[in-house]
Amino acid sequence: MAEEKQLDINKDYNIESRELPGYLIKSVKVNSKEDELTQRNRVTISLSNSPVEIDFIYTPNHFSLLLTSNISDVTQHHDVAYQLSIKSGVEDNSELTSKTYVNTAIQIEIDPKLENIRDIEVLNKRGEIVGNGQYNSETSKIDISLTSDVPNTEDIVVNYLGTVSLDAKTGDTISTNATMSSNYLMYGNSFTIKKEAKELTNKIIGNLGLISAPKEVDFGTFVYEAKDTVIKNPKVDNSLVVMDTRDMSSNTGWTLTAQLIEPLKDSDGVLLDSKLTYLHDNLESELGMDPVEIYNNQSKEQKRVDVTSVWEKNKKYGLQLKINANSSPKPSEYEGKIRWALVAGQP
């Protein structure tokens, strides 16, 4: 953008740059040579009989993108909260013909090691909804569109959640990328600004965890016949599953234990004269307040172990309820509480 001024020769002048919405002064050239900008984005020139050409060089700053997550190191089967921050560089849009974001396209590329993408929200700094986000599983991208009335001076954030896949390998990284393009109109000129966010990476460090456990172990209904009774193979509403994805060099296996922290009793607090035991390769242990080992894994292999599937396949393992012949229980429903505990290493 050229501008002509009538000035006197043999004098020094401070030439001020023009502020353009969405642009920052990068440098200045005087007669095609780099010169120094003052703190107020001015340049000092000395006039002579020769013409002076001043070029202020601008760089686009209409918006900037920043990807962040709530944690840097992640583990399999755990949720990660992500955010794309869009900071507007347009502080005053009075010189812009377009006052809102126009033809804006925002995309976030999702790593295949991240699944169950959900809770996508597009908000302004006041927490108001200003757009929509949709995850496309075929392209592995979140496509984001803004409403038509979002001022291009507004900062925007995109939030979403994802879960690290159980199949993700320890030591790998999860990479996230984002792009945005938007149209601007100034002094009759239409132009598109497109930017990419710096790639965000999350290292997968692995973990040892109880990813699933029964909330209910049901021994069903039995008829008391004044004889010793053993009830096996209770129904469980959820599998008892351990996931170990730790680095093999530091993996020492794990031990799973169970405790009966509340004995079986009815709604009146009357105890059932019984024993809750665990069968491990036909060796029986009674569950009480002290932890009882129900599974021991010495393998260093990264794997998923479904303990309840062992109960189903092999009758030498599992929980069983033993009722004494002389207990004379009254007809009622009896409930207790089991605590499952997972410990790294060997006992």
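For the structure itself, consult the block above.
Computed from a predicted model, the values in this text were never measured in an experiment.

Engineer: Is there a simple way to explain the packing of aromatic side chains in this structure?
Structural biologist: The geometry of an aromatic ring pair is captured by two quantities: the separation of the ring centres and the angle between the planes. Per the counting criterion, the structure on display carries five aromatic pairs. With centroids separated by 6.0 Å and ring planes inclined at 15°, the aromatic side chains of Tyr184 and Phe191 adopt a geometry described as stacked. The residues Tyr184 and Phe191 share a single accessibility class, namely buried. A ring pair is formed by Trp311 and Trp340, whose centres lie 6.5 Å apart and whose planes are at 40°; its orientation type is tilted.

Engineer: Sorry, what's going on with the pattern of salt bridges here?
Structural biologist: Opposite charge on two side chains allows them to pair when their charged atoms are near. Applying the stated criterion across every chain, the model contains 11 salt bridges. Here Asp244 ties to Arg246 by a salt bridge, and the two come within 2.9 Å at their closest N and O atoms. The pair formed by Asp244 and Arg246 is uniform in burial state, with each residue classed as buried.

Engineer: What is the right way to look at the side chain of Thr229 in this model?
Structural biologist: With respect to the helices and strands, the residue Thr229 is situated in strand S19 (residues 229-232). Engagement of the side chain of Thr229 in a polar contact is seen with the backbone oxygen of Lys227, the distance being 3.0 Å.

Engineer: How should I be thinking about the side chain of Asn124 in this particular structure?
Structural biologist: Examined against the element boundaries, Asn124 turns out to sit in strand S10 (residues 114-124). For Asn124, a relative accessible area of 3% translates into the label buried. Within the structure, the side chain of Asn124 is placed 2.8 Å from the side chain of Glu128, a separation counted as a polar contact.

Engineer: How do you make sense of the environment of Glu91 when you look at a structure like this?
Structural biologist: In this fold, Glu91 is placed in the loop between strand S8 (79-88) and strand S9 (102-109). We classify Glu91 as exposed; its relative accessible area is 79%.

Engineer: Where do I start with the layout of surface pockets in this structure?
Structural biologist: Rolled over the atoms, a probe sized like a water molecule indicates the empty space that remains. Of the voids in this model, the second largest pocket is the one considered here, and its volume is about 850 Å³. For the lining of the second largest pocket, the secondary structure elements donating two or more residues are strand S18 (217-218), strand S22 (254-265) and strand S28 (335-344). The dominant element in the lining of the second largest pocket, judged by the number of residues it contributes, is S28, at five residues.

Engineer: I tried to follow the nonpolar core on my own but got confused; where do I start?
Structural biologist: Soluble globular proteins: nonpolar side chains tend toward being buried together. In terms of nonpolar packing, the biggest core is built from 37 residues, with Leu84, Ile86, Ile108, Ile156 and Tyr184 touching the most fellow members. Looking at this core element by element, the count peaks at five residues for strand S14 (residues 173-186). Counting residues in hydrophobic clusters, the runner-up holds 25 residues, among them Phe219, Leu272, Tyr295 and Tyr334.

Engineer: What is the right way to read the pairing of S9 from this model?
Structural biologist: Within a regular strand, the side chains alternate between the two sheet faces. Note that S9 and S14 share six bridges and pair antiparallel. The residue bridging Ala105 from the neighbouring strand is Ser181, located in S14. Inspection of the sheet shows S9 paired to strand S12 (residues 141-146) by four bridges, in the antiparallel sense. Across the sheet, residue Ile108 finds its bridge partner in S12, namely Ile142.

Engineer: What's the story with the sheet that holds strand S27 (residues 317-323) in this structure? I'm lost.
Structural biologist: The sheet built from four strands is open, its strands ordered S19-S27-S23-S24 with antiparallel pairing. Unpaired on one side and paired on the other, S19 and strand S24 (283-286) mark the two borders of the sheet. Within this sheet the neighbouring strands show an average axis-to-axis angle of 30°, counted without direction. By the bridge criterion, four bridges tie strand S23 (residues 274-280) to S24 in an arrangement that is antiparallel. By the bridge assignment for S24, Tyr278 is matched with Ser285.

Engineer: It is not clear to me how the environment of Arg246 should be interpreted in this structure. Could you clarify?
Structural biologist: Along the polypeptide, Arg246 turns up in the loop between strand S21 (241-244) and S22. Among the residues examined, Arg246 registers a relative accessible area of 14% and is labelled buried. Sequence spacing of Arg246 and Asn207 is 39 residues, and the spatial spacing of their C-alpha atoms is 5.0 Å. Sequence-distant contacts of Arg246, that is, excluding residues within four places in its chain, are made with Gly206, Asn207, Leu208, Asn251, Thr252, Gly253, Trp254, Gln302 and Ala344. Among the polar contacts made by the side chain of Arg246, one reaches the side chain of Asp244 at a distance of 2.9 Å. Reaching out from Arg246, the side chain makes a polar contact with the backbone oxygen of Gly253 at a distance of 3.0 Å.

Scoring rules and cut-offs
- Residues numbered from 1 in each chain as written.
- Predicted model: local features only at pLDDT ≥ 70, side-chain atom pairs only at ≥ 80, totals over all residues.
- Heavy atoms only, no water.
- Phe/Tyr/Trp six-rings, centres within 6.5 Å; stacked < 30°, edge-to-face > 60°.
- Buried < 20%, exposed > 50% of the residue type's maximum accessible area, 1.4 Å probe, protein only.
- Salt bridge = Lys/Arg side-chain N within 4 Å of Asp/Glu carboxyl O.
- Helix = DSSP H or I, 4+ residues; strand = E, 2+ residues; numbered from the N terminus.
- Polar contact = N/O pair within 3.5 Å; in protein donor to acceptor, adjacent residues only side chain to side chain.
- 1 Å grid on protein atoms, 1.4 Å probe; cavity = no way out; pocket = protein on both sides within 12 Å on 5 of 7 lines; lining within 4 Å.
- Points joined across faces, edges and corners; volume = space filled by probe spheres on them.
- Core = buried A, V, L, I, M, F, W, Y, C linked by side-chain atoms within 4.5 Å.
- Pairing = 2+ DSSP bridges.
- Axes fitted to C-alpha atoms, helices over the stretch in contact; angles between N-to-C directions.
- Contact = heavy atoms within 4.5 Å.

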